[in-house]
Amino acid sequence: MSARYASIGVVGAGAWGTALANASARAGREVVLWGRDRDLVAAMARTRSNPAHLPGVVLADTVRPTADLSVLAGMDAILLVVPAQASRPVAAELAPHLAAGTPVVTCAKGIERGTSLFMTQVLSEACPQAVPAILSGPSFAADVAAGLPTAVTLACRDLGVAEALAAALGSSSFRLYHSADVRGVEIGGAAKNVLAIAAGIVGGRKLGASAGAALIARGFAELMRFGKAYGAKAETLTGLSGLGDLILTCSTAQSRNYALGLSLGQDEGLHPPGKLAEGALTASVLVAMAQARGVDMPIARAVEAVLAGRSDIEQAIGSLLARPQKAEA
């Protein structure tokens, strides 16, 4: 076991936070899992499970649930596992308990509304003494918690920190690739959620596998254009946190964003009960940022128009099909 980053604090006791706590324990780390809901935390400590968010999964023996954020003081590294739009207030609440130079790894996939900041930029403002990093890639909480084979990317501008964290959190079933391309990893995670809603709409409308494949391919072209405009490396976008995550989330209703699109495509409305689809909150800021730099993202734009109520499904599909034919690029 790597001696570096021997203790890991996980902030957020939802499905993904619980899964990453188990994965960190499986890697031999000492883990403290923080949740705001004291009743939930007490139940997790008593039953060693999290039925509200991850039913059927047993919490690892070395994971210690707590509702006291100060318990995370002194942990070697922190995984911030809360929704993108909640990241700033939770990170600010965490900040007084952090030692200078502590890595904080955001595990959210989105862009902050109102500021158009990526997740590590939010961390830099809310926790200025921390070393910001990001973990993203094709992964479902249930798979990771159960120890099924999964591979993701962990990025930090300090490549040595990224490499050490990847070594500390990785195991035989949870493989982490390290990178210094923080922006590329952030963009892949944020953009693919919006595109997955479009894929769900295609599925809900029963437009066929051919249309689904075309949607993924053209959606990836949009992701690449946006990434290039905002400084991402092409090899990152074609890797796990870009293309890999896009394929996963555009392929199954296990993805909350795909499930939302599926619901829209079947005329069942927004937001399956109790499920947060990050893409629904990212769409407007993603499209605005694309427009600001002249990036053409017709699929993302169509999703945003549907979510905002400016277009119905048939109009959105019609507008995409009516686009002028051109050379593939």
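Residues numbered from 1 in each chain as written. Predicted model: local features only at pLDDT ≥ 70, side-chain atom pairs only at ≥ 80, totals over all residues. Heavy atoms only, no water.

> Is there a simple way to think about the domain arrangement of the protein in this case?
Often, the extent of an interface is quoted as the loss of accessible area upon association of its parts. Under the domain assignment, the protein is made up of domain 1 (7-180) and domain 2 (190-322). Between the C-alpha centres of domain 1 and domain 2 there is a distance of 26 Å. Taken over both partners, the interface formed by domain 1 and domain 2 buries close to 1700 Å², and the fraction arising from carbon and sulfur atoms is 66%. When the buried area of domain 1 at its contact with domain 2 is split by residue, Lys109, Ile111 and Phe140 rank highest and sum to 36% of it. Where domain 1 touches domain 2, the interface holds 1 salt bridge. Measuring nitrogen to oxygen at the nearest pair gives 2.7 Å for the salt bridge that ties aspartate 245 to lysine 109. Taken together, domain 1 and domain 2 are joined by 5 residue pairs in polar contact (both at pLDDT 80 or more). (Domains from an automatic or database assignment. Buried area = accessible area lost by both parts, 1.4 Å probe. Salt bridge = Lys/Arg side-chain N within 4 Å of Asp/Glu carboxyl O. Polar contact = N/O pair within 3.5 Å; in protein donor to acceptor, adjacent residues only side chain to side chain.)

> Which parts of the structure should I look at to understand the packing of aromatic side chains?
Two descriptors summarise a pair of aromatic rings, namely the distance from one centre to the other and the angle between the planes of the rings. For the coordinates displayed, the defined rule picks out 2 aromatic pairs. Ring geometry for phenylalanine 118 and tyrosine 230: centres 6.2 Å apart, planes at 75°, overall edge-to-face. Of this pair, phenylalanine 118 sits in the loop between β7 (103-106) and α4 (119-126) while tyrosine 230 sits in the loop between α8 (209-229) and α9 (234-237), placing them 112 residues apart in sequence. You can call phenylalanine 118 buried: its relative accessible area is 3%. Tyrosine 230 sits in the buried class, given a relative accessible area of 14%. Ring geometry for phenylalanine 226 versus tyrosine 230: centroids 4.7 Å apart, planes at 25°, classification stacked. One exposure class covers both phenylalanine 226 and tyrosine 230, and it is buried. Chaining the aromatic ring pairs together yields one cluster made of Phe118, Phe226 and Tyr230. In this structure, arginine 293 packs its charged tip against the face of tyrosine 230, placed 3.9 Å from the ring centre. (Phe/Tyr/Trp six-rings, centres within 6.5 Å; stacked < 30°, edge-to-face > 60°. Helix = DSSP H or I, 4+ residues; strand = E, 2+ residues; numbered from the N terminus. Buried < 20%, exposed > 50% of the residue type's maximum accessible area, 1.4 Å probe, protein only. Lys NZ or Arg CZ within 6 Å of the ring centre and 35° of its normal.)

> Would you mind going over the UniProt feature "active site" (unreviewed entry) in the protein with me for this structure?
When the UniProt feature table is mapped to this numbering, "active site" (unreviewed entry) covers Lys192. The class for lysine 192 is buried, based on a relative accessible area of 4%. Setting aside its immediate chain neighbours within four residues, lysine 192 contacts Lys109, Leu223, Asp245, Leu246 and Thr249. (UniProt positions renumbered as here; feature names shortened; annotations may be inferred. Contact = heavy atoms within 4.5 Å.)

> Explain the UniProt feature "domain: Glycerol-3-phosphate dehydrogenase NAD-dependent N-terminal" (unreviewed entry) in the protein here, please?
With numbering matched to this structure, UniProt assigns "domain: Glycerol-3-phosphate dehydrogenase NAD-dependent N-terminal" (unreviewed entry) to residues 8-159. Across residues 8-159, helical content stands at 29% and strand content at 27%; the span's end C-alpha atoms are separated by 19 Å.

> Can you help me understand the sheet that holds strand β1 (residues 7-11) in this one?
Overall, mixed pairing links the 8 strands, which are arranged β5-β2-β1-β6-β7-β8-β9-β10 in an open sheet. Because the sheet does not close on itself, it has two edges, and the strands there are β5 (63-66) and β10 (174-179). Neighbour to neighbour, the strand axes of the sheet diverge by 25° on average, direction disregarded. Packing of helix α1 (residues 15-26) onto the sheet brings it into contact with β1, β2 (30-34), β5, β6 (77-80), β8 (131-136) and β10, and relative to β2 it is tilted by some 170°. (Pairing = 2+ DSSP bridges. Axes fitted to C-alpha atoms, helices over the stretch in contact; angles between N-to-C directions.)

> Explain the nonpolar core to me, please; I cannot follow it from the model alone.
One broad rule of soluble globular proteins: the nonpolar side chains tend to lie buried together. Counting 46 residues, the largest nonpolar core has Phe226, Leu264 and Leu286 as the members making the most contacts within it. At 11 residues, the largest contribution of residues to this core is made by helix α7 (residues 182-204). Setting aside its immediate chain neighbours within four residues, phenylalanine 226 contacts Phe118, Ile187, Leu286, Met289, Ala290, Val295 and Met297. Counting residues in hydrophobic clusters, the runner-up holds 41 residues, among them Ala15, Ala23, Val31 and Cys156. (Core = buried A, V, L, I, M, F, W, Y, C linked by side-chain atoms within 4.5 Å.)

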